[in-house]
Amino acid sequence: MLRSRITPCLLVHKKGLVKTTEFKDSKYVGDPINAVKIFNEKEVDELMVLDIDATVEGRGPDFNLIKNLAIECRMPFCYGGGVTTVAEAKKIISLGAEKVAVSAAAISNPNLLLEIGTAVGVQSVVVVLDVKKKGFLGGYEIFTHNGRKATGVKLKDFLHTINKIGVGELIINSIDDDGKMKGYDFKLFDSVRDLTNMPMTILGGAGSLVDIKSAITRYKTIGVAAGSLFVFKGKYRAVLINYPDRNERKDLYQI
Amino acid sequence: MITIIDYGSGNISAIANIYEKLNVKYKIAKTAEDVVGAKKLFLPGVGAFDETISKLDDTGFRKVLDFEVLTNKTPIIGICVGMQILAERSDEGTLPGLGYIKGHVKKLDEKSLKQKPYLPHLGWNSIEQKKNCQLFEEIDNEIGFYFLHTYYFQCEDNADVLTTTIYGESFASAVNHDNVYGIQFHPEKSHQNGIKLLHNFALL
């Protein structure tokens, strides 16, 4: 039976790995390749690596980094950051990433997703949506450029667009909960699950394996992603790469 | 010696890296000539069916593969879309496949799924072995492998089904006929099980 995916999300900033809070205050947590090697040992379900500088700096993906990650990764990995063209997406897949994530460029031009899907296969196209709550009844708005740029696009409206185009996976990242380790915003993810049918991965706020378990209980088959949870240990947030072992995971998957 | 076909599709470096660590000799075939006299063939593949088969045609690999596989009976393994192009045709495209195993690639049936998500079939899933095969020796069926696909291989002859996996309905997650093997999942991304399977292929 298909299991849920428990996915560490790694953020690349100035060639190192960092972890942010509300998309700010980045703290250095280590070297990307070294982290991949540790996650290989821990047999993680999959990895997500996001370059948080690329779009902000107006540059394309760091292909050298992607190549080195893909060679090392013994698990599937999804790369995101600065992807704006079909050629870049094709290159990322040919370098050995299973999935390519698009965010800012897809919001300004959703047809890009269609073009990338035709080139690399729809199943490998991932959309990452960084969202923030808009007031009490305002729903959620999509942000880009590392949470700095409000797009004015409502999450709900963009999901309708995605449904028409079709992608392989949707990653919803809650800016408000990033790095806080206080639990997932299930209200947000419930609304996304209701509006879409494709594989969904939730990100932002996981603080313990209990949060992971409640997400899997709630959605049955889901991608549960987390940053802080898998790179920090203890209340003083000491850097320590960690991941539930096989027995813990058996309990989390609930199948 | 394993000859990995480099026709611009699929995860060659990850596969090569695993064989490197296993101390299994391999070479990466960049041209059709590199395939002549191969002992074992590895056919990766990512992307859409037509695009993948076109690449195989454009790079000139197809003719030599036909000869090595059909006449010389060289063992070959196709992975993911590299498996699907072993079939005769696919609902995903209009071009004919290699036709090494009788079958037809179809879309997974969304209606057979009782809960979201629907498609693609994405993540770790278990397998059930349908016939004894060295390729799956010492594989943990329950842990299974990593899948990422929307289409699957429908064998014409049930005897060609090596393993099945359930996603809504049961489908062939690995196929085999004579010297031709195809697997839908990604062994190069499936930790110990994947490494074991790649090693098993080398030992066939």
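This text follows the structure it describes.
First things first, this report covers the structure right here in the doc. (Residues numbered from 1 in each chain as written. Chains lettered and ligands numbered in written order. Predicted model: local features only at pLDDT ≥ 70, side-chain atom pairs only at ≥ 80, totals over all residues.)

1. What to know about the overall build of chain B
A tally of regular secondary structure across chain B gives five helices and 13 strands. By the compact-globule yardstick of 17 Å for 204 residues, chain B fits well, its C-alpha radius of gyration being 16 Å. On the principal axes, the C-alpha backbone points of chain B span a range of 50 × 40 × 30 Å. With 204 residues in all, chain B has 52% of them scored as buried. Within chain B, counting contacts between residues at least 6 apart in sequence, those at least 24 apart form 70% of the total. (Helix = DSSP H or I, 4+ residues; strand = E, 2+ residues; numbered from the N terminus. Rg over C-alpha atoms; globule rule 2.2 N^0.38 Å. Buried ≥ 20, exposed ≤ 12 C-beta atoms within 10 Å, placed from the backbone. Contact = placed C-beta atoms within 7 Å.)

2. So, the nonpolar core
Residue and element names in this part refer to chain A. Core analysis: the largest hydrophobic core is formed by 143 residues, its most contacted members being Leu 47, Phe 77, Ala 97, Val 100 and Val 224. Top contributing element to this core by residue count: strand S7 (residues 125–133), with six residues. For Ala 97, the residues in contact, after removing those within four places along its chain, are Ile 66, Ala 70, Phe 77, Cys 78, Tyr 79 and Ile 92. (Core = buried A, V, L, I, M, F, W, Y, C linked by C-beta atoms within 7 Å.)

3. Brief notes about the environment of B:Phe147
Residues and elements named next belong to chain B. Within the fold, Phe 147 resides in strand S9 (residues 145–149). With 25 C-beta atoms counted inside 10 Å, the residue Phe 147 sits in the buried group. Residues Phe 147 and Cys 80 lie 67 residues apart in sequence; the distance between their C-alpha atoms is 8.5 Å. Apart from the residues lying within four places of it in its own chain, the contact partners of Phe 147 are His 121, Leu 122, Gly 123, Asn 125, Gln 184 and Phe 185.

4. With respect to unusual backbone geometry
Geometrically, the link from B:Lys116 to B:Pro117 is a cis peptide bond, its omega value of 5° lying close to zero. Positionally, B:Pro117 belongs in the loop between strand S6 (103–107) and strand S7 (121–125). Omega for the bond connecting B:Leu119 with B:Pro120 falls within 30 degrees of zero, at 0°, which places this linkage in the cis form. Even without being glycine, A:Asp25 reaches a positive phi, approximately 50°. As for its placement among the helices and strands, A:Asp25 is situated in strand S3 (residues 24–30). For A:Arg237, which is not a glycine, the phi torsion comes out positive at approximately 55°. Looking at where A:Arg237 falls in the secondary structure, it is placed in the loop between strand S13 (232–233) and strand S14 (238–239).

5. Things to note about the interface of chain A and chain B
Listed by partner, the interface residues are 31 residues for chain A and 27 residues for chain B. Only helix H3 (63–72), helix H4 (86–94) and helix H6 (111–120) of chain A provide two or more residues apiece to the side of chain A that touches chain B. Taken together, the residues that form the side of chain A that touches chain B break down as 13 nonpolar, nine polar and nine charged. (Nonpolar A, V, L, I, M, F, W, Y, C, P; charged D, E, K, R; others polar.)

6. Considerations on helix H1 (residues 12–22) of chain B
Within H1(B), the full set of buried residues consists of B:Ile12, B:Ser13, B:Ala14, B:Ile15 and B:Tyr19. Elements in contact with the buried residues of H1(B): H3 of chain A together with strand S1 (2–5), strand S2 (26–29), strand S3 (40–43) and helix H5 (191–203) of chain B. Remark: B:Asn23 follows H1(B) within two positions and exhibits a positive phi of approximately 65°.

7. Focus: the pairing of S7(A)
Residue and element names in this part refer to chain A. Buried residues dominate S7, accounting for seven of its nine residues. Here strand S6 (residues 99–102) runs beside S7; their pairing, made up of three bridges, is parallel. Bridge pairing in S7 places Ala 101 opposite Val 126. As judged from the six bridges shared by S7 and strand S10 (residues 169–174), these two strands associate in the parallel manner. By the bridge assignment, Val 126 is partnered in S10 with Glu 169. Hairpin connection of S7 to strand S8 (residues 140–144): six residues between the antiparallel strands, including Gly 135 at a positive phi of 60°. (Pairing = 2+ DSSP bridges.)

8. What about the pairing of strand S5 (residues 77–80) of chain A?
Residue and element names in this part refer to chain A. Residues Phe 77 and Tyr 79 line one face of S5 and the alternating positions Cys 78 and Gly 80 line the opposite face, and both faces are buried. Of the strand pairs in this sheet, strand S4 (residues 47–51) and S5 are connected by four bridges, and their pairing is parallel. Pairing of Leu 47 across the sheet is with Phe 77, part of S5. Note that S5 and S6 share three bridges and pair parallel. Looking at the pairing, Gly 80 lines up with Ala 101 of S6. Each parallel crossover has a hand, and the one from S5 via H4 to S6 is right-handed. (Right-handed = clockwise from strand over helix to strand, strands pointing away.)

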